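Chain residues, written in single-letter form:
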Amino acid sequence: MIRPNKTSLKGPLRFLLIALFSASAWAQQPSAWSPEQEERYRSLISELRCLVCQNQTIADSSAPLAVDLRGQVQTQLAAGRSEDEIRSYLTDRYGDFVLYKPPLRLRTLALWIGPFALLGFALYAAYRFSRRSRLLMSDKPAAPSADALRRLLDEDNGRP
Amino acid sequence: MRTRFLIPIVVLAGLLVLLAIGLQKDPREVPSPLIGKPAPAFDLPALAADRRYTHEDLLGRPLLVNFFASWCAGCQIEHPVLMRLAREEGVEIIGMDYKDTREDAERWLGHHGNPYRTVIADEKGQAGLDWGVYGVPETYVIGRDGRILYKQIGPVTEAAWRERIRPLLIADPAT
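Residues numbered from 1 in each chain as written. Chains lettered and ligands numbered in written order. Predicted model: local features only at pLDDT ≥ 70, side-chain atom pairs only at ≥ 80, totals over all residues. Heavy atoms only, no water.

1. Quick word on a nonpolar patch on the surface
Residues and elements named next belong to chain A. On the surface, a nonpolar cluster with roughly 630 Å² of combined accessible area is contributed by Leu104, Leu106, Leu109, Leu111, Trp112 and Ile113. Mapped onto the elements of the fold, Leu109 is located in helix α6 (residues 109-137). Looking at Leu109, the relative accessible area reads 36%, which means it is partly exposed. (Patch = residues over 30% accessible without salt bridge, like charges linked within 9 Å, V, L, I, M, F, W, Y side chains within 5 Å. Areas by Shrake-Rupley, 256 points an atom, 1.4 Å probe, with all protein chains shown as cover. Salt bridge = Lys/Arg side-chain N within 4 Å of Asp/Glu carboxyl O. Helix = DSSP H or I, 4+ residues; strand = E, 2+ residues; numbered from the N terminus. Buried < 20%, exposed > 50% of the residue type's maximum accessible area, 1.4 Å probe, protein only.)

2. Thoughts on a positive patch on the surface
On the surface, a cluster of positive charge is made up of Arg128, Arg131, Arg132 and Arg134 of chain A together with Arg4 of chain B. Checked against the element boundaries, Arg132 of chain A lands in helix α6. Among the residues examined, Arg132 of chain A registers a relative accessible area of 47% and is labelled partly exposed. (Lys, Arg positive; Asp, Glu negative; His and termini not counted. Charge placed at Lys NZ, Arg CZ, Asp CG, Glu CD.)

3. A closer look at helix α4 (residues 64-78) of chain A
All names here are of chain A. Given a rise of 1.5 Å per residue, 15 residues ought to cover 21 Å, and the 21 Å separating the end C-alpha atoms of α4 matches this to within 8%. The element α4 is extensively covered by neighbouring structure, given that eleven of its 15 residues are classed as buried. Taken as a whole, α4 has its buried residues at Leu65, Ala66, Asp68, Leu69, Arg70, Gly71, Gln72, Val73, Gln74, Gln76 and Leu77. Phi for Gly80, located one or two positions after α4, is positive at around 90°. (Expected span 1.5 Å × (residues − 1).)

4. Things to note about the packing of helix α2 (residues 73-88) of chain B against helix α3 (residues 102-112) of chain B
The angle between the axes and the distance between the axes are what describe a pair of packed helices. Residues and elements named next belong to chain B. Running from amino to carboxyl end, α2 crosses α3 at an angle of 55°, the nearest separation of the two axes being 11 Å. Comparing their axes, α3 and α2 come out oblique. The way α2 lies across α3 gives a crossing that is right-handed. Seen from α2, the contacting residues are Cys75, Gln76, His79 and Met83; seen from α3, they are Trp108, Leu109 and His112. Residues belonging to the contact of α2 with α3 are distributed by class as follows: four nonpolar, three polar and no charged. (Axes fitted to C-alpha atoms, helices over the stretch in contact; angles between N-to-C directions. Parallel < 35°, antiparallel > 145°, perpendicular 65-115°, else oblique. Left-handed = near helix turned anticlockwise from the far one by under 90°. Contact = heavy atoms within 4.5 Å. Nonpolar A, V, L, I, M, F, W, Y, C, P; charged D, E, K, R; others polar.)

5. A word on the side chain of Arg49 of chain A
Residues and elements named next belong to chain A. With respect to the secondary-structure elements, Arg49 resides in the loop between α3 (35-45) and α4. Summary of buried charges: Arg49 has no salt-bridge partner, and the nearest side chain of opposite charge, Asp60, is 11 Å away. A distance of 2.9 Å separates a polar atom in the side chain of Arg49 from the backbone oxygen of Phe97. In contact with Arg49, other than residues within four places in its own chain, are Gln54, Gln56, Thr57, Ile58, Phe97, Val98, Leu99 and Tyr100. (Polar contact = N/O pair within 3.5 Å; in protein donor to acceptor, adjacent residues only side chain to side chain.)

6. Things to note about the interface of chain B and chain A
Counting residues at the interface gives 19 residues for chain B and 18 residues for chain A. Contact between chain B and chain A buries roughly 1400 Å² in total, counting both sides, with carbon and sulfur atoms accounting for 46%. The interface formed by chain B and chain A holds two salt bridges in total. Arg93 of chain A is paired through a salt bridge with Asp130 of chain B; the nearest N and O atoms lie 3.3 Å apart. Where chain B meets chain A, there are four residue pairs in polar contact (both at pLDDT 80 or more). Per-element tally for the side of chain B that touches chain A: the top contributor is helix α4 (residues 126-130) of chain B, with four residues. Its residues assigned to classes, the side of chain B that touches chain A shows nine nonpolar, four polar and six charged. (Buried area = accessible area lost by both parts, 1.4 Å probe.)

7. Some thoughts on unusual backbone geometry
Residues and elements named next belong to chain B. For the peptide bond that leads from Val136 to Pro137, omega is -5°, which places it in the cis range. Within the fold, Pro137 resides in the loop between α4 and β6 (138-142). The phi angle at Ala49 is positive, at roughly 65°, despite the residue not being glycine. With respect to the helices and strands, Ala49 occurs in the loop between β1 (43-45) and β2 (52-54). Relative accessible area serves as the criterion here: at 48%, Ala49 is assigned to the partly exposed category. At Lys99, a residue that is not glycine, the phi angle is positive and equals roughly 45°. Relative to the helices and strands, Lys99 resides in the loop between β4 (93-98) and α3.

The structure is reproduced here in structure tokens:
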């Protein structure tokens, strides 16, 4: 049953991991499938979330629901339905939550944009900070002129 | 300038509030996309095996569809509530016996009492899949027009009945 596939298994470690964690998925795999169908089946079940044990894919989980969902994916693939049709079959019933990769929607915008916005903000803050400390540490404070120095002194004197 | 030191404190406070809200939520409750949609189709035998039922048998009056099983612990918790709703409040409850055997379900109902007007046998769990059930007990409030009005994930409690389910049934009267 276990047949190393050059396109999907990049190393012995990955192979071992897959074999270890998807033992139950292997057991379910029908023998009459083409390798291409098998590949689609495996990639589809590893992007679907098991709703009972939420941090596992239905490929990894041995919960009864995951077994049922794998069976469902298998039946529908065998019936010639496309991945998108199967995905929407599941999201119609269980919501977007079954997908490990959430679709880009208005509701999920923060999820998709948030990290980049934060990174941008952090870079900007770092730039501001480094520029300020460079100015403070530079050997030639002459540029700010007496005006700026006086302002600084005033500020200092104003402190309690 | 003087208030700049407040910025990280405000950010931190905001983050703490967000996290606190996140902690209150139950991650096991996955909102159903079926709310407001017609109840999914099914064609299954009654537990007594004397006839078959389809989704069309749900039309015409508001009712509850309760997915349960004899092997389910949460079902025993909600069972007294269902018994009371059927007996005292006159609520029609349809039982969906999810991934169970006929003998076990009959023994369980004989032991705990039967609050269901009708019990349908979903032996393979196919109706469960189509309805988006991911863990019994789950209870759907179905309106007269056969639409799903609400889904209770986990046991039906008196509080859930009072606050969520009863108002829906009152707003959708049988006549």
